[in-house]
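# Coordinate inspection notes
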Amino acid sequence: MKVRNLAKGMAYSMFAIMLSSCSSNEESSQDPVDPSVIRFNAIATRSSRAAVTTTANIKEFAVTAYTDGKMLMDNVLVTRNGSEWTYSPTAYWPDTPVNFYAISPDISNSADIEGASTGTASISSYKNPGNVDLLYAVNMGEIQRGAPVNINFRHALSKVNVTLSSSNSTITVKINKVMIGNVYTKGSFFYPRATTLPGGDAAGYWHNQSELDNIQLFAATGTSGNLALTPEATDLGELNLGGNPDFFIPQELGRLAYDAGNKAFSGSYIAVDCEIFDKATGGKLFPGSHTPSYLLVGTTGCGRIMYPVTGGSVTEWNPGCSYIYNITIDNPSVLFDGIEFGVTVDEFVD
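Reading the values: the criteria
Residues numbered from 1 in each chain as written. Predicted model: local features only at pLDDT ≥ 70, side-chain atom pairs only at ≥ 80, totals over all residues. Heavy atoms only, no water. Helix = DSSP H or I, 4+ residues; strand = E, 2+ residues; numbered from the N terminus. Buried < 20%, exposed > 50% of the residue type's maximum accessible area, 1.4 Å probe, protein only. Areas by Shrake-Rupley, 256 points an atom, 1.4 Å probe, with all protein chains shown as cover. Polar contact = N/O pair within 3.5 Å; in protein donor to acceptor, adjacent residues only side chain to side chain. Contact = heavy atoms within 4.5 Å. Salt bridge = Lys/Arg side-chain N within 4 Å of Asp/Glu carboxyl O. Core = buried A, V, L, I, M, F, W, Y, C linked by side-chain atoms within 4.5 Å. 1 Å grid on protein atoms, 1.4 Å probe; cavity = no way out; pocket = protein on both sides within 12 Å on 5 of 7 lines; lining within 4 Å. Points joined across faces, edges and corners; volume = space filled by probe spheres on them. Nonpolar A, V, L, I, M, F, W, Y, C, P; charged D, E, K, R; others polar. pLDDT = per-residue confidence, 0-100. Phe/Tyr/Trp six-rings, centres within 6.5 Å; stacked < 30°, edge-to-face > 60°. Pairing = 2+ DSSP bridges.

### With respect to the overall build of the protein chain
Tallying secondary structure elements over the protein chain gives 0 helices and 26 strands in all. In the protein chain, which comprises 350 residues, the proportion classed as buried is 45%. For the protein chain, the exposed surface amounts to about 17,600 Å²; the carbon and sulfur share of it is 50%.

### Focus on the side chain of Asn226
By secondary structure assignment, the location of Asn226 is in the loop between strand 14 (205-219) and strand 15 (227-228). Only 2.9 Å separates the side chain of Asn226 from the side chain of Asn176, close enough to count as a polar contact. Among the polar contacts listed, one links the side chain of Asn226 to the side chain of Glu275, at a separation of 3.3 Å. Setting aside anything within four residues of it in sequence, one finds Asn226 in contact with Lys174, Ile175, Asn176, Ala220, Glu275 and Cys302.

### Describing the pattern of salt bridges
Going through the model one piece at a time under the given rule, you end up with 6 salt bridges. Salt-bridge contacts for Arg145 lead to Glu142; the nearest nitrogen and oxygen are separated by 3.2 Å. Using a relative accessible area of 56% as the deciding quantity, one classes Arg145 as exposed. Given the relative accessible area of 11%, Glu142 is considered buried. Measuring nitrogen to oxygen at the nearest pair gives 2.7 Å for the salt bridge that ties Arg304 to Asp273. With a gap of 31 residues between them, Arg304 in strand 24 (residues 302-308) and Asp273 in strand 21 (residues 269-278) connect regions that are remote in the sequence. Judged by its relative accessible area of 2%, Asp273 falls in the buried class. When salt bridges with common partners are traced through the structure, they connect Lys127, Lys186 and Glu211 into a single cluster.

### A look at the nonpolar core
Membership of the largest hydrophobic core comes to 31 residues, with the highest contact counts inside it found for Leu164, Ile175, Ile270, Trp317, Tyr325 and Ile329. Taken together, the elements giving at least two residues each to this core come down to strand 12 (158-165), strand 13 (171-190), strand 14, strand 21, strand 24 and strand 26 (321-328). At 6 residues, the largest contribution of residues to this core is made by strand 13. Val76, Ala102, Ile151 and Phe153 belong to the second-largest nonpolar core, a separate cluster that totals 24 residues.

### What about empty space enclosed by the protein?
Tallied over the entire structure, the rule returns 1 cavity of 30 Å³ or more. In this structure, the largest cavity encloses a volume near 40 Å³. Taken together, Val160, Asn161, Val162, Leu217, Asp235, Gly237, Asn244, Pro245 and Asp246 make up the full set of residues lining the largest cavity. Broken down by element, the lining of the largest cavity gets its largest block of residues, 3 residues, from strand 12. Of the residues belonging to the lining of the largest cavity, the class tally is 4 nonpolar, 3 polar and 2 charged.

### Overview of the confidence of the model for the protein chain
When pLDDT is averaged along the protein chain, the result is 82, and 81% of the positions lie at 70 or above. Strand 18 (residues 251-252) holds the highest mean pLDDT among the elements of the protein chain, 97, whereas strand 1 (residues 9-14) holds the lowest, 30. Contacts from residues 338-344, a stretch scored under 50 in pLDDT, to residues over four places away or in other chains number 3 contacts.

### A short note on the packing of aromatic side chains
Under the definition given, this model contains 18 aromatic pairs. With centroids separated by 5.4 Å and ring planes inclined at 65°, the aromatic side chains of Phe61 and Phe153 adopt a geometry described as edge-to-face. In this pair, Phe61 sits in strand 3 (residues 60-67) while Phe153 sits in the loop between strand 10 (149-152) and strand 11 (154-155), placing the two residues 92 residues apart along the sequence. On the accessibility criterion, Phe153 (0% relative accessible area) is buried.

### Some remarks on the sheet that holds strand 6 (residues 98-104)
What the 6 strands build is an open sheet, ordered 5-4-3-6-9-11; its pairing is antiparallel. For this open sheet the edge positions go to strand 5 (84-86) and strand 11, each flanked by a neighbour on one side alone. Both strand 6 and strand 9 (residues 135-142) contribute to a ladder of 6 bridges, which runs antiparallel. The partner of Ala102 across the bridge, within strand 9, is Ala137.

### Notes on the pairing of strand 26
In terms of burial, strand 26 is a largely internal element, 6 of the 8 residues being buried. Sheet analysis places strand 12 next to strand 26, joined by 7 bridges and oriented parallel. Looking at strand 26, one finds that Thr163 is bridged to Asn326.

Here you go:
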């Protein structure tokens with residue numbers, strides 16, 4: 001169906017699945033005053049995006065540690081102090097190996113690490129705020145060695161961005177609202193049962209995802225009204241001050257469909273509420289008389305264009321991956337012309 005041609009591309013790129021190790025000038029080089037004191041050094045990925053946590057801007061993490069089945073550190077907050085990391089009360093190396101589980105930032109107000117003493121550490125029922133880059137790290141079987149414990153963090157969530165543009169000089173596309181619909185906002189996370197070494201393959205995973213919701217990425221504000229698209233792709237979420245949701249619970253993505261009986265969409269989708277005008281005459285092209293009622297947006301005068309978040313090899317959002325949906329609205333005729341079909345025939349394969 002032609003409506004799918006509105007999306008110029010649905011590209012996704014890998015986003016630091018394995019966090020790289022950092023150069024020596026990013027790590028603390030001071031020798032410990034007391035070698036029996038447990039010290040830490042935190043490493044996170046480099047990135048040009050301000051919302052993403054890196055070695056340079058990570059400020060805190062919480063550590064739970066067990067040795068010989070007994071708790072050594074109970075969700076202790078470790079904070080940056082210049083080039084070093086400090087915490088209280090001080091923990092000392094025992095005679096037995098220590099397993100460390102770290103999370104950044106501290107989320108003890110919403111969820112705690114459970115089951116670490118049995119080696120099956122997890123975070124239950126984490127409610128995702130959307131604007132927090134959640135990091136995790138595991139160090140298994142650490143022993144005293146007179147140097148900081150290098151905590152190598154990985155990204156627990158998926159990063160999702162939507163950009164919009166219009167390069168058709170004969171139309172004006174004005175955006176009122178953009179949202180990602182029918183996605184899970186809550187889930188439980190299992191830590192890997194191995195050290196998260198730089199370049200290693202130990203990774204945690206999510207399960208028990210719940211609480212489907214619609215996440216607003218952008219809403220027009222102020223007296224200027226709806227925002228007109230330009231040929232330059234714009235991440236409209238960046239224009240919303242203070243609340244840009246970048247991070248999502250990793251999850252399988254449902255295929256977009258419309259249930260006429262219940263008058264509701266199912267599956268996961270990107271919804272763009274907009275108006276399209278003929279630039280020469282000023283006449284409104286979308287929504288129009290042929291726009292179905294379920295794509296009309298209340299009293300806003302806008303119509304809703306629906307895009308699937310699945311496509312190609314993208315059937316789920318994975319931890320530590322970034323997905324960028326580039327949407328170009330250039331051909332409004334497909335929104336109100338009749339349904340057309342393109343047919344191809346695949347050969348049988350053994």
